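The chain contents come next:
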Amino acid sequence: MIRGLLRDPLAHFLIAGAAIWGVLALAGDPVDPAERTITLTREQQAGLALGFERTMGRPPTDAELDAQIERWTREEVLYREALRLGLDRGDPVVRRRLAAKMDELAGAEVELAQPSEAELKEWLADNPAAFETGGTLTFEQAYFASEDEALAARDGGEPVGQAISLPGSVEGMDEREVAQVFGSQFAGEVARLAAGPQWQGPIASGFGWHLVRLTKRDEGKIPPFGEIRERVEAQWRSRTIQARREKAYELLRDAYRIEVE
């Protein structure tokens, strides 16, 4: 029987907890009784009742609320003991979850914020490319493995690119389609070129370097604000949340000194 207990993970758990408790006591660091007090406030009880109602579609009875409180108490006791035993340390799942909760805290206010129409229209004016439709690019490209080879070819006249499994010419693709073939960095750079007969670049992509002759650009149009309001608000919200998270992280990060051995 004793051998069986020694193989039981629960027994290891309880023994470890008792050992830590004993070490603290022997070290003259008595456990503060206040730390062993768990208080469930009226606001927390209301939260438990609300959670039940959202799940079941009706308020809990007294017995059901008592069961919710008992379940919450059980989780709180085990949670505190887990922290006391340091079980949160070294666990990548717990680590990521807590980091995600910090991110959520930073963006929580924006999750519920209601931007004004003026704010959204200003956002649209500052980020028109994200909502433009119908714009297309027509161009030729010559590929080179290195930037120096591309520069030499450009200065030498009509460039002859190196072999690669990419189209040498593109007819009427929008930026998103160009990005799917050549990558977003290349697509963004080509979208900013002026159309004309000259070869331009080199432009980098995930494959190498390209000289590009943008022969035609059909400008896209931005739909009326009323037609894309939901998209504008969704982008405003996601980008604003991300910006707040990054700013909050930078503030916290500045308080640390990182040493990588």
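It should be emphasised that the depicted structure is a prediction, and the values quoted were computed from it without experimental measurement.

Remarks on the overall build of the protein chain
Here's step 1: When you go through the protein chain residue by residue, the secondary structure sums to 10 helices and 4 strands.
Here's step 2: Along the protein chain, helices and strands appear, N-terminal first, in the series α-α-α-α-α-α-β-α-β-α-α-β-β-α.
Here's step 3: Scored against the burial criterion, the 261 residues of the protein chain give a buried share of 25%.
Here's step 4: Considering only residue pairs separated by 6 or more positions, the protein chain has 67% of its internal contacts joining residues 24 or more positions apart.
Here's step 5: Element-wise, carbon and sulfur atoms account for 55% of the exposed surface of the protein chain, whose accessible area totals about 18,500 Å².

Considerations on the nonpolar core
Here's step 1: The biggest cluster of nonpolar side chains holds 14 residues, and the ones touching the most others in it are L137, F139, V178, F182, F186, V190 and V212.
Here's step 2: Secondary structure elements with two or more residues in this core: β1 (136-144), α8 (175-182), α9 (184-191) and β4 (209-218).
Here's step 3: When residues in this core are grouped by element, the largest group, 4 residues, is from α9.
Here's step 4: The contacts of F139, once residues within four sequence positions are left out, are G168, S169, V170, V178, F182, F186, V190, V212, R213, L214 and T215.
Here's step 5: Among the nonpolar cores identified, the runner-up in size contains 10 residues, and V110, F131, F225 and V232 belong to it.

Side note on the pattern of salt bridges
Here's step 1: Under the definition given, this model contains 13 salt bridges.
Here's step 2: We note a salt bridge from R154 to D155, for which the minimum N-O separation is 3.4 Å.
Here's step 3: Put simply, E117, R229, E233 and R237 are held in one network by salt bridges that share partners.

Here we look at the packing of aromatic side chains
Here's step 1: Under the counting rule described, the total for this entry stands at 3 aromatic pairs.
Here's step 2: For the ring pair F139 and F182, a centre distance of 5.9 Å and an interplane angle of 55 degrees mean the geometry is tilted. Here F139, found in strand β1, pairs with F182, found in helix α8; they are 43 residues apart in sequence, far enough to count as distant.
Here's step 3: Classification of F139 as buried rests on a relative accessible area of 2%.
Here's step 4: Counting every residue linked through ring pairs, the aromatic cluster contains F139, F182 and F186.

Let's talk about α9
Here's step 1: Listing the buried residues of α9 in full gives F186, A187, G188, V190 and A191.
Here's step 2: The elements touched by buried residues of α9 are β1, α8, β3 (200-204) and β4.

Topic: helix α5 (residues 92-112)
Here's step 1: The end-to-end C-alpha distance of α5 is 30 Å, a good match for the 30 Å that 21 residues give at a rise of 1.5 Å each.
Here's step 2: Largest kink in α5: about 45 degrees, centred on A106.
Here's step 3: Among the residues making up α5, those that are buried are A106, G107 and V110.
Here's step 4: At the N-terminal end of α5, a side-chain oxygen is found 2.9 Å from the backbone nitrogen of V93, two or three residues along, and the residue is D91.

Focus on the confidence of the model for the protein chain
Here's step 1: Looking at the protein chain, pLDDT values average 84 and 87% of them are 70 or higher.
Here's step 2: Element-level pLDDT for the protein chain is lowest in helix α2 (residues 9-26), with a mean of 51, against a maximum mean of 93 in helix α6 (residues 117-126).
Here's step 3: This stretch, residues 23-31, has a pLDDT under 50; its non-local contacts, to residues over four places away or in other chains, come to 4 contacts.

Description of the environment of G172
Here's step 1: Here G172 shows up in strand β2 (residues 169-173).
Here's step 2: Sequence separation of G172 and T136 is 36 residues, and the distance between their C-alpha atoms is 5.0 Å.
Here's step 3: In this view, G172 contacts T136, L137, T138 and E177; residues no more than four positions away in its chain are not counted.

Some remarks on the packing of α6 against helix α10 (residues 225-253)
Here's step 1: Interhelical geometry of α6 versus α10 gives an angle of 85 degrees and a closest axis separation of 9 Å. Viewed along their axes, α6 and α10 adopt a mutual orientation that is roughly perpendicular. Taken together, the residues of α10 that come into contact with α6 (itself represented by E117, L120, K121, W123 and L124) are F225, I228, R229, V232, E233, Q235, W236 and R239.
Here's step 2: For the contact of α6 with α10, the class distribution of residues is 7 nonpolar, 1 polar and 5 charged.

Here's the deal with the sheet that holds β4
Here's step 1: Sheet architecture is open: 4 strands sit in the order β2-β1-β4-β3, paired in antiparallel fashion. Both edges of this open sheet fall to β2 and β3, since each of them pairs with a single strand only. Strand after strand, the sheet turns through a mean of 35 degrees between neighbouring axes, direction not considered.
Here's step 2: On the sheet, α8 packs against β1, β2 and β4 and is oriented at approximately 145 degrees with respect to β2.
Here's step 3: Docked against the sheet, α9 engages β1, β3 and β4, running at close to 50 degrees with respect to β4.

The rules we used
Residues numbered from 1 in each chain as written. Predicted model: local features only at pLDDT ≥ 70, side-chain atom pairs only at ≥ 80, totals over all residues. Heavy atoms only, no water. Helix = DSSP H or I, 4+ residues; strand = E, 2+ residues; numbered from the N terminus. Buried < 20%, exposed > 50% of the residue type's maximum accessible area, 1.4 Å probe, protein only. Contact = heavy atoms within 4.5 Å. Areas by Shrake-Rupley, 256 points an atom, 1.4 Å probe, with all protein chains shown as cover. Core = buried A, V, L, I, M, F, W, Y, C linked by side-chain atoms within 4.5 Å. Salt bridge = Lys/Arg side-chain N within 4 Å of Asp/Glu carboxyl O. Phe/Tyr/Trp six-rings, centres within 6.5 Å; stacked < 30°, edge-to-face > 60°. Expected span 1.5 Å × (residues − 1). Bend = angle between axes of the 7 residues up to and from the residue. Polar contact = N/O pair within 3.5 Å; in protein donor to acceptor, adjacent residues only side chain to side chain. pLDDT = per-residue confidence, 0-100. Axes fitted to C-alpha atoms, helices over the stretch in contact; angles between N-to-C directions. Parallel < 35°, antiparallel > 145°, perpendicular 65-115°, else oblique. Nonpolar A, V, L, I, M, F, W, Y, C, P; charged D, E, K, R; others polar. Pairing = 2+ DSSP bridges.

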